[in-house]
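The primary structure of each chain is shown beneath.
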Amino acid sequence: MYKFTLAVRYLIRRRISYFAVAAVALCVFVVFVVITVLSGLSRDFKDKVHGSVGDCVVYTRSLVGFGYYEEFLELLRRQPYTKAAAPVIRNYALVSVVASEPGLIASGRDQTVEIMGIDAASYSEVTQFGQWVRYNKNRIESVFAPSYEPNLPGCVPGIDILFDRDRQGNYYAPDGPRRVVLEISCVPLTAKGALARAGAGELNSKTFYYSDHFEAGYSLDRRLIFLPIGEVQLLCGMATGHKRITHIHIRFKDGVALNNGTAEVKKLWEGFVAAKSGAPFENLLSQVQVQSWKDFSKVIVALVETQQTIMIACFALIGVITVFIVLVVFYMIVSHKSKDIGILKSVGASGFNVLSVFLNFAFLIGLAGSAIGALLGWRFLAHINTIEDWMFEKFDFQLWDRQITSIGEIPNTVDLRVLGTIIFCAIGTCLLGALLPSWRASRTRCIDTLQVAQL
Amino acid sequence: MKNDCLLEAQDIHKSYRMGQTQVRVLKGVNLKLAGGEFAAIVGVSGSGKSTLLHILGALDRPDKGRVCFKGSDLARQSGRQLNRFRNRTVGFVFQFYHLLDELNVLENVLLPTMAGKSVVGWLVCRRAAKKRARELLAQFGMAERARHKPYQLSGGERQRVAIARALMNEPEVLLADEPTGNLDWQTGNGILKVLERLNRAGQSIVMVTHDERIAARAGRIIRLTDGVIAQDR
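Please read these numbers as outputs of a predicted model, since none were measured by experiment.

## Observations regarding the overall build of chain A
Then step 1. Summing up its helical and strand segments, chain A has 16 helices and nine strands in all.
Then step 2. In terms of overall size, chain A is more extended than a compact globule, its C-alpha atoms giving a radius of gyration of 32 Å where 455 residues would be expected to give roughly 23 Å.
Then step 3. Taken along its principal axes, the extent of the C-alpha atoms in chain A is 105 × 55 × 40 Å.
Then step 4. Residues counted as buried form 40% of the 455 residues belonging to chain A.
Then step 5. The long-range share in chain A, meaning contacts at least 24 apart out of those at least 6 apart in sequence, stands at 83%.

## Quick notes on the sheet that holds strand 9 (residues 220-225) of chain B
Residues and elements named next belong to chain B.
Then step 1. Strands sit in the order 6-7-8-3-9-10 across an open sheet of six strands; the sheet is mixed. For this open sheet the edge positions go to strand 6 (90-93) and strand 10 (228-232), each flanked by a neighbour on one side alone. The sheet shows a mean angle of 20 degrees between the axes of neighbouring strands, direction not considered.
Then step 2. The sheet contacts of helix 6 (residues 185-200) involve strand 3 (38-42), strand 7 (173-177) and strand 8 (204-209), and relative to strand 8 the element is tilted by about 150 degrees.

## Remarks on the interface of chain A and chain B
Then step 1. Across the boundary between the two partners, chain A contributes 22 residues, which contact 25 residues of chain B.
Then step 2. Among the secondary structure elements, those contributing two or more residues to the side of chain A that touches chain B are helix 1 (2-13), helix 12 (338-346) and helix 16 (446-450) of chain A.
Then step 3. Here the element with the most residues in the side of chain A that touches chain B is helix 1 of chain A; it accounts for six residues.
Then step 4. In terms of residue class, the side of chain A that touches chain B is built from 13 nonpolar, five polar and four charged.

## Comments concerning unusual backbone geometry
All names here are of chain B.
Then step 1. We note that Tyr97 has phi near 65 degrees; this positive angle belongs to a residue other than glycine.
Then step 2. Inspection of the secondary structure puts Tyr97 in the loop between strand 6 and helix 3 (105-115).
Then step 3. Tyr97 gets classed as buried once you count the C-beta atoms within 10 Å, which come to 23.
Then step 4. In the Ramachandran plot, His98 falls in the positive-phi region, its phi being about 55 degrees despite a non-glycine side chain.
Then step 5. Its location among the elements puts His98 in the loop between strand 6 and helix 3.

## Brief notes about the pairing of strand 4 (residues 64-69) of chain B
Residue and element names in this part refer to chain B.
Then step 1. Relative to strand 4, strand 1 (residues 5-18) runs antiparallel, the two being bridged by five bridges. Bridge pairing in strand 4 places Ala9 opposite Val67.
Then step 2. Count of turn residues in the strand 4/strand 5 (residues 72-73) antiparallel hairpin: two residues, of which Lys70 carries a positive phi of about 50 degrees.

## Things to note about helix 3 (residues 69-77) of chain A
An α-helix turns once every 3.6 residues. As a result, residues three or four positions apart point the same way.
Residues and elements named next belong to chain A.
Then step 1. Tyr69, Phe72 and Leu76 are the residues of helix 3 that are buried. Down the axis of helix 3, the buried set is contained in an arc of 65 degrees. They therefore lie on one face. Along helix 3, the residues that are exposed and aim more than 90 degrees away from the buried face are Glu70, Glu71 and Glu74.
Then step 2. On its buried face, helix 3 sits against strand 2 (82-99), strand 8 (247-252) and helix 8 (258-275).

## So, the sheet that holds strand 2 (residues 21-34) of chain B
Think of a sheet as strands paired side by side through backbone hydrogen bonds, with each pair either parallel or antiparallel.
Then step 1. Reading across from one edge, 2-1-4-5 (chain B) is the order of the four strands in this open sheet, with antiparallel pairing throughout. Edge positions in the sheet fall to strand 2 and strand 5 of chain B, since each has one partner strand and no second.

## Considerations on the nonpolar core
Then step 1. Residues Val28 and Ile365 of chain A are the most contacted members of the largest nonpolar core, which totals 118 residues.
Then step 2. A total of 13 residues in this core trace back to one element, the largest contributor, which is helix 2 (residues 15-53) of chain A.

## What about the environment of Gly65 of chain A?
All names here are of chain A.
Then step 1. Within the secondary structure, Gly65 sits in the loop between strand 1 (56-59) and helix 3.
Then step 2. On the basis of neighbour count, Gly65 is assigned to the buried category, with 27 C-beta atoms found within 10 Å.
Then step 3. Here the alpha-carbon distance between Gly65 and Glu231, two residues 166 residues apart in the chain, equals 15 Å.
Then step 4. Sequence-distant contacts of Gly65, defined by excluding residues within four places in its chain, comprise Thr60, Ile89, Met238, Arg244, Ile245, Thr246 and Leu284.

What counts, and at which threshold
Residues numbered from 1 in each chain as written. Chains lettered and ligands numbered in written order. Predicted model: local features only at pLDDT ≥ 70, side-chain atom pairs only at ≥ 80, totals over all residues. Helix = DSSP H or I, 4+ residues; strand = E, 2+ residues; numbered from the N terminus. Rg over C-alpha atoms; globule rule 2.2 N^0.38 Å. Buried ≥ 20, exposed ≤ 12 C-beta atoms within 10 Å, placed from the backbone. Contact = placed C-beta atoms within 7 Å. Pairing = 2+ DSSP bridges. Axes fitted to C-alpha atoms, helices over the stretch in contact; angles between N-to-C directions. Nonpolar A, V, L, I, M, F, W, Y, C, P; charged D, E, K, R; others polar. Arc of directions from axis to C-beta. Core = buried A, V, L, I, M, F, W, Y, C linked by C-beta atoms within 7 Å.

Functional significance is not addressed by these values, which are geometric in nature.
Here it is, written out as structure tokens:
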């Protein structure tokens, strides 16, 4: 009992222990804030990518695409694990934007973009497309019908393709879709991979009208235009002869594990390919891969995760500094408290009891420091966006430029498991830092500290 | 009221290294202490009297020779048994009181009991322990000071608290190292009266002092000269 009592009194009465508590609190605060923000950025990014891909993708890297997709989609939709599946064509195109309202919408822009041909209804069942669009959230089937003239062919460009942002990340977007013309051109290929319009200008071009725009919250917003799948099939030469697409996006039913579902789709696809053996253009099927959304997006997700890991590792080094601070503080405390060690041993306390006193003390320092750091961190995170706004107003400082980066607010959702791990590590760090001095204290012979000559 | 041999030192040798030289402090001390005795070990500074007391109380080990308590050789006891010996069998009183500044008077007195018990053991006996601690403090006129911190007490008061702490676990031997050495004569006299009263009640006491007047208050005087017992009367 005295071990805990003494540890509490040491904590309260020794001013030097306040420095150790402050060091731990600072360390916990910094690591907590950094990990929360970085994990939030990483989680948000992964959620967005997941939201744009679905759970699983059957796809080919070839711009020629693959056929027999309607048969496979039918087969896929009958499977017990499939909630929804959507055919998609992805290709590259040139776009020229002609705006009718100069100043409001960026006009005269010619750029290379990705075009994605989708069936809006099925694609929004698989992905979050239905939530990304601005004007047609509740009537997604009309997303390609411009409200100003529904019979015109519509398109849904990423918000950054059409609109500029101010430094706080706000877009100069209109209240409703305006008549903006987008001239889209791409190179059509035959099922054999040859240029479909060789010798005839090589490009297929078509005029589309801005019917809505989307905001996925990451790089898609500046490089992707959604179009009706039928139109893209025509543009890319996939509608004639052997009808083709490039991707099938799949969403699994709730409760289906990602790996299990993906393995099932892979098995189904292999069976399908085997059944098509000898069919025309069967070679296109052999280039098709089946991947979970994580594998499909691993290049961009891995980049974010690597950045996160490096940053967290850098900030975790603060923990090493804390170990050193606690070690120094404890060496000082043990030196000051050598008489107490002798007294305790003279009344029968063992070396282990003395060790326990100092480790309890270290535990309390860790606990108090963690509690203070966690509370400060929590409060700071709760107001981190307000603080950033204030710093932007006063000092023109932003964590990142909202004109360039699609991320708006700084993520500040606290993950209690992360916080628990940080506190656990902080207490462990204190115990580690205190271990050597405490062990030294436990080995001290009481006679060495209680003799008059030592006092 | 003297019983059979309680504590026995046989041919105790002890030396310390001071710089390049080895200083032989004890050069073959033989001593027997019976139960209920009040013995004073006297000698000049550096004669080895405190060293002998520490060896008798298992705070230190002799280089040669052995210390037996009721016939049991302390050198053969494990670390755990020696801790128990220091906790239950002997009680120490030091010249500089050696109270823990972080604990109040009552907690200091309770320290030996707390040190000898596990958390559960302490929770079971804490009421009885507190009762005994308060009784001891009352016995030494310190009942009103139970909640005070050591630095709020005078030297004499601190030493009385130290004696109460030493007696907390009802030790068979009280080992006092210059208990009045840091006190004025009047206050020291008060402490001696306390020790005399305890001895009259049957408490065995070994006291180290360099003051002949104080030693004269003990029933037996052991004079230590040049590392050996020169006189025992």
